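# Summary of structural features
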Amino acid sequence: MKKADKVAYDKDYAAAKKDGKPFFPYAIYKDTIIAGLAILVVIVLAITVRVEMGEPVNPASTDFLPRPDWYFYFAFELLKIFANQNALTPVIMATFMVPNILIILLVIWPFIDRGPERRIWKRPFAMGTAVLVISGLCYLTFLGASTPEGIAKGETLPLTGLDAAASAGEAVYLANGCSSCHMIKGVGAPGPGPELTNEGAKGWDNAKMVQWMKVPVAPMPSFASLPPEDLENLSTFLNGLGTKYK
Amino acid sequence: MTTKDIGPKNPVEQGVTQVVDFVDERSGVKNSGRWLMFRNIPAGTSWFQTLGFTAMALFGMQAITGIILAMYYKPDPNTAFGSIAHITNEVTWGWMVRGMHKWGASVMIVIVFLHMGRVFIWGAYKYPRELTWVTGAMLLLMTMFMGLTGYLLVWDQKAYWATVVAVNIFASAPILGPYIGDILRAGPEFGPDTLSRFYSIHMLLIPGGIATFIGLHLYFIIRLGISEPPWAKRALRVQRDEEDARRKAARNREAGLKGSVSFPPAWVDDEQEVKR
Ligand code: HEM
């Protein structure tokens, strides 16, 4: 803002204040009403929608659904958007680049939009940004709330041609909640992990796959706690997906 | 102010007055309090400007319900889940306090976002309120981080693995990531100390940060005054007057170009108006 704009604003605000009303009671009474309503809403929610108890933590059991609270769904969906690209850089996009760029933009916004104009209909750039960000956040949150959380108990994968080792591997895959982040032939959650239907096409050997299970790239957690033979069978299963097992 | 002397005050009133006067003599609190409460704000102040105060009230409610929960909660991997079950099923009103804390977090996040939206749409972050916005942005980030750290404390499978994933994401950041991961986990792996570390961050570190930044935020708000709604009657009137002046100036300039020099002083004044 130019010096003259600042002086003009200060003058205008002083005039607004001179014509104004005292903080007490004119602002305080509105504040009290709305804050009281908000707390009432919290109390009503606490009474009508009881908070439940989940399953206690068992670090040895990886049969889990890693779902954040609803206000992080947008970040979770962001992970999914970048999940199906093969190189490692796109994951960094969702875990690091995009969030940090958004945070920096948030903090420095007043130093980007510095014009003196405050009227809503005269600030198309700022309003466009607002509409974009708000609808983006709402859309991603809605997506996060409405996508399935994985597969039902007892559901199996529509695969044929499994040998004994691969069947054992499939059982390990199903028992350890892999399908709450990965999809195989349309079964399982569509992210944040990439789809595994054609995992075998990568041509990895079992040693490489076992190593990945023990030390994966974030956000995937480590499965080092599984018994060695389970890891071996799981690797056989995954390395044949799309090639031997279709 | 006129005083009506109706005889000596009763002893209680006398005592109170004495205490207030004693404090005021040393702190000047009466004057600053009066200034704070009765300072003018723009007349058109709207209902949308109650959201910041509401966020503050919800933070206070979270603090109170959180203190009560901390009286029963045990931040140890072996006892955490059990203590939450105890609060939910056995402690008198425990389910209510826990429910309010849990729902309070969601409602507070919604309100903070709405507050930010109102500030954004009004352009209330513009000169001179840029730093009010920056302190507010810090408050938003800290509020979100409260949600993240609080989620683990119930110590159930869903929260545990979601937090493992979230911490993995922090740890995967270039350069500083591994250190941040170690700091959050209290080591290279999720272990017994991770839970008490999250507890300490959730109930001491971030609340302290939020309280500090609410203080800064309020300092700026009180010093600069709350902004006027862009559609306040007074603002619209000023804008209309400016438009009129501009049109008049244009008309006069036209007239001036044609050679009619009927009122040059007004012409000069209006030119100034246009530049502004
Ligand atoms: C815990 C979170 C927050 C609290 C307790 C809080 C509190 C307040 C309060 C009490 C006001 C006075 C006016 C009003 O209520 O609208 C205010 C104004 C303001 N807040 Fe916040 N706020 C928070 C978060 C934020 C965020 C996230 C931002 C933006 C990034 C922000 C930016 C501002 C600005 C620029 C003003 C001045 C607006 C004006 O003068 O019209 N605040 N805040």
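Residues numbered from 1 in each chain as written. Chains lettered and ligands numbered in written order. Predicted model: local features only at pLDDT ≥ 70, side-chain atom pairs only at ≥ 80, totals over all residues. Heavy atoms only, no water.

A few words now on the interface of chain B and chain A. One frequently used descriptor of interface size is the decrease in accessible area upon assembly of the parts. Contact residues are listed per partner, giving 84 residues for chain B and 83 residues for chain A. Counting each side, the surface lost to burial between chain B and chain A is near 7,700 Å², with a carbon and sulfur contribution of 71%. Counting across the chain B and chain A interface gives 4 salt bridges. Across the pair Lys126 of chain B and Asp113 of chain A runs a salt bridge whose closest N-O atoms are separated by 3.5 Å. The interface formed by chain B and chain A contains 29 residue pairs in polar contact (both at pLDDT 80 or more). (Contact = heavy atoms within 4.5 Å. Buried area = accessible area lost by both parts, 1.4 Å probe. Salt bridge = Lys/Arg side-chain N within 4 Å of Asp/Glu carboxyl O. Polar contact = N/O pair within 3.5 Å; in protein donor to acceptor, adjacent residues only side chain to side chain.)

Quick look at the packing of helix H8 (residues 206-214) of chain A against helix H9 (residues 228-239) of chain A now. Residue and element names in this part refer to chain A. Running from N to C, H8 and H9 point in directions that differ by 115°, and their axes come no closer than 9 Å. Taken as axis vectors, H8 and H9 run roughly perpendicular relative to one another. Crossing angle aside, the handedness with which H8 passes H9 is right-handed. Contact residues: H8 offers Asn206, Met209, Val210, Met213 and Lys214, while H9 offers Leu231, Glu232, Leu234, Ser235, Thr236, Leu238 and Asn239. Classifying every residue of the contact of H8 with H9 by side-chain character gives 6 nonpolar, 4 polar and 2 charged. (Axes fitted to C-alpha atoms, helices over the stretch in contact; angles between N-to-C directions. Helix = DSSP H or I, 4+ residues; strand = E, 2+ residues; numbered from the N terminus. Parallel < 35°, antiparallel > 145°, perpendicular 65-115°, else oblique. Left-handed = near helix turned anticlockwise from the far one by under 90°. Nonpolar A, V, L, I, M, F, W, Y, C, P; charged D, E, K, R; others polar.)

Taking 1.5 Å of rise per residue, the 17 residues of helix H1 (residues 11-27) of chain B would be expected to cover 24 Å, and the 24 Å separating its terminal C-alpha atoms lies within 8% of that figure. Of the residues that open H1 of chain B, the one with a side-chain oxygen 3.0 Å from the backbone nitrogen of Val12 of chain B is Asn10 of chain B. (Expected span 1.5 Å × (residues − 1).)

All right, on to the domain arrangement of chain A then. Residue and element names in this part refer to chain A. Structurally, chain A comprises domain 1 (65-147) and domain 2 (164-239). Summarising the inter-unit geometry, the C-alpha centres of domain 1 and domain 2 are found 30 Å apart. At the interface, 11 residues of domain 1 touch 12 residues of domain 2. Roughly 870 Å² of surface becomes buried between domain 1 and domain 2 when both sides are summed, with 70% attributable to carbon and sulfur atoms. Where domain 1 touches domain 2, the interface holds 0 salt bridges. The tally of links between domain 1 and domain 2 comes to 1 residue pair in polar contact (both at pLDDT 80 or more). Looking at the side of domain 1 that touches domain 2, the elements that each hand over two or more residues are helix H4 (73-81) and helix H5 (89-112). Counting residues per element, the side of domain 1 that touches domain 2 draws most heavily on H4, which supplies 3 residues. Split into classes, the residues belonging to the side of domain 1 that touches domain 2 amount to 7 nonpolar, 2 polar and 2 charged. (Domains from an automatic or database assignment.)

Let us now look at helix H4 (residues 80-89) of chain B. Within H4 of chain B, the full set of buried residues consists of Ala80, Phe81, Ser83, Ile84, Ile87 and Thr88 of chain B. Down the axis of H4 of chain B, the smallest arc covering the buried residues is 165°, so these residues share one side. (Buried < 20%, exposed > 50% of the residue type's maximum accessible area, 1.4 Å probe, protein only. Arc of directions from axis to C-beta.)

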